[in-house]
Every structure is written in C-alpha cells, then in structure tokens.
Amino acid sequence: MAQLVAARLGFRYLDSGALYRLLALAAQRDEALLTDESGLAALAEHMEIRFEGERVWLDGSLVGDELRGELCAAAASKVAAFPRVRAALLAKQHAFRRAPGWWQMPAIWVSVVFPDAVLKIFLDRSAEA
C-alpha cells in the first residue's frame, strides 16, 4: 500500500522489509552465517543494493521471485532478531537518504527510520479498501 501511495504522489519508496530479505538471501549462500550476528552485521554493511521500481539488485545481480519466497521470509525473520543486524540495516536505510544516494527527489518516509521526515502518513485500511 505504501508503495502505491508513494507512486501516486510521485515519491520514491524504500521497502525496509526488502533489506532484511536481501540480507537473508545473501546469508543463505552460507547457512552458518544465519546464526552469526557479527558476520551478518558485516555483510549488511557491505551489501550493494539498488532499487529501480519493482526491480531489486543485490551485489550487481538482479534478484527475482526468491526475494518474496517463504524460505527467504523465514531467514529474514532469523536475521532480524539480532540487534547488530538491525542497527546495520538502519544505517543502510539512512544511507539511501544521503547524497550521492538513491534519493534525488522528495521521498515519503512512513516509519521510525526517519523521525525528522517533513511528511508522515499513517494508513489504517484493509487491503480491499
């Protein structure tokens, strides 16, 4: 819903949940990494991520449907449990906001990630609405 609202208003949209899934996807290359908080935090800091509309790149490779799959979702829940991982991904989210970052136009931030956002929107509707 947030992505649709951002598109309708001409703003960019940052899917913070996708960042956790991307980290999980990168970590799944080495299953032991999924339980290594320090290793995951380091991986999060060095991942190269690019969003273009609904297309997502991780370390130069286009990510497909596996990003939204059940295995990736389960792994994302595991990596999100680590405080150092959350801190590293929060820093990565903040980096999208800074030049020469992704945001070269106004953006909608609907989360605690950007508490100083000029515009904040709270939506409370069913998917059908």
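Located above this text is the structure these notes cover.
Residues numbered from 1 in each chain as written. Predicted model: local features only at pLDDT ≥ 70, side-chain atom pairs only at ≥ 80, totals over all residues. Heavy atoms only, no water.

**A short note on helix α4 (residues 70-80)**
Move 1: Looking at α4, one finds that the buried residues are Cys72, Ala75, Ala76 and Val79. Projected onto a plane normal to the axis of α4, the buried residues spread over an arc of 110 degrees and lie on a single side. What points out from α4, more than 90 degrees from its buried face, is the exposed set Glu70, Ser77 and Lys78.
Move 2: The elements touched by buried residues of α4 are α2 (16-27), α3 (37-46) and α5 (83-97). (Buried < 20%, exposed > 50% of the residue type's maximum accessible area, 1.4 Å probe, protein only. Helix = DSSP H or I, 4+ residues; strand = E, 2+ residues; numbered from the N terminus. Arc of directions from axis to C-beta. Contact = heavy atoms within 4.5 Å.)

**Some points on the sheet that holds strand β2 (residues 55-58)**
Move 1: Strand order in the open sheet formed by 3 strands is β1-β2-β3, and the pairing between neighbours is antiparallel. Edge positions in the open sheet fall to β1 (49-52) and β3 (61-63), since each of these has one partner strand only. On average, each strand axis in the sheet is inclined to that of its neighbour by 30 degrees, with strand direction left out of account.
Move 2: The pairing of β2 with β3 spans 3 bridges and is antiparallel. Bridging from a neighbouring strand, tryptophan 57 pairs with leucine 62 of β3. (Pairing = 2+ DSSP bridges. Axes fitted to C-alpha atoms, helices over the stretch in contact; angles between N-to-C directions.)

**Focus: a nonpolar patch on the surface**
Move 1: There is a patch of nonpolar side chains on the surface, built from Met1, Leu4 and Leu123 and spanning about 340 Å² of accessible area.
Move 2: Locating leucine 4 in the fold gives a position in helix α1 (residues 2-9).
Move 3: Residue leucine 4 is classed as exposed on the basis of its relative accessible area of 61%. (Patch = residues over 30% accessible without salt bridge, like charges linked within 9 Å, V, L, I, M, F, W, Y side chains within 5 Å. Areas by Shrake-Rupley, 256 points an atom, 1.4 Å probe, with all protein chains shown as cover. Salt bridge = Lys/Arg side-chain N within 4 Å of Asp/Glu carboxyl O.)

**Considerations on the side chain of aspartate 15**
Move 1: Relative to the elements of secondary structure, aspartate 15 occurs in the loop between α1 and α2.
Move 2: Classification of aspartate 15 as buried rests on a relative accessible area of 18%.
Move 3: Within the local environment of aspartate 15, its side chain forms a polar contact with the side chain of arginine 68, the two groups lying 2.7 Å apart.
Move 4: Setting aside chain neighbours within four positions, we find aspartate 15 in contact with Phe51 and Arg68. (Polar contact = N/O pair within 3.5 Å; in protein donor to acceptor, adjacent residues only side chain to side chain.)

**Examining the packing of α2 against α3**
Move 1: Closest axis-to-axis distance for the α2/α3 pair is 10 Å, and the angle between their directions is 115 degrees. It follows that α2 is roughly perpendicular to α3 by the angle criterion. Read as a crossing pair, α2 and α3 show a hand that is right-handed. On α3, the residues touching Leu23, Ala26 and Ala27 of α2 are Leu40, Leu43 and Ala44.
Move 2: Here the contact of α2 with α3 is composed, by residue class, of 6 nonpolar, no polar and no charged. (Parallel < 35°, antiparallel > 145°, perpendicular 65-115°, else oblique. Left-handed = near helix turned anticlockwise from the far one by under 90°. Nonpolar A, V, L, I, M, F, W, Y, C, P; charged D, E, K, R; others polar.)

**Observations regarding the packing of aromatic side chains**
Move 1: In total, this model carries 0 aromatic pairs according to the counting rule given.
Move 2: Lying over the aromatic face of tryptophan 57, arginine 50 brings its terminal NZ or CZ to 4.1 Å of the ring centre. (Phe/Tyr/Trp six-rings, centres within 6.5 Å; stacked < 30°, edge-to-face > 60°. Lys NZ or Arg CZ within 6 Å of the ring centre and 35° of its normal.)

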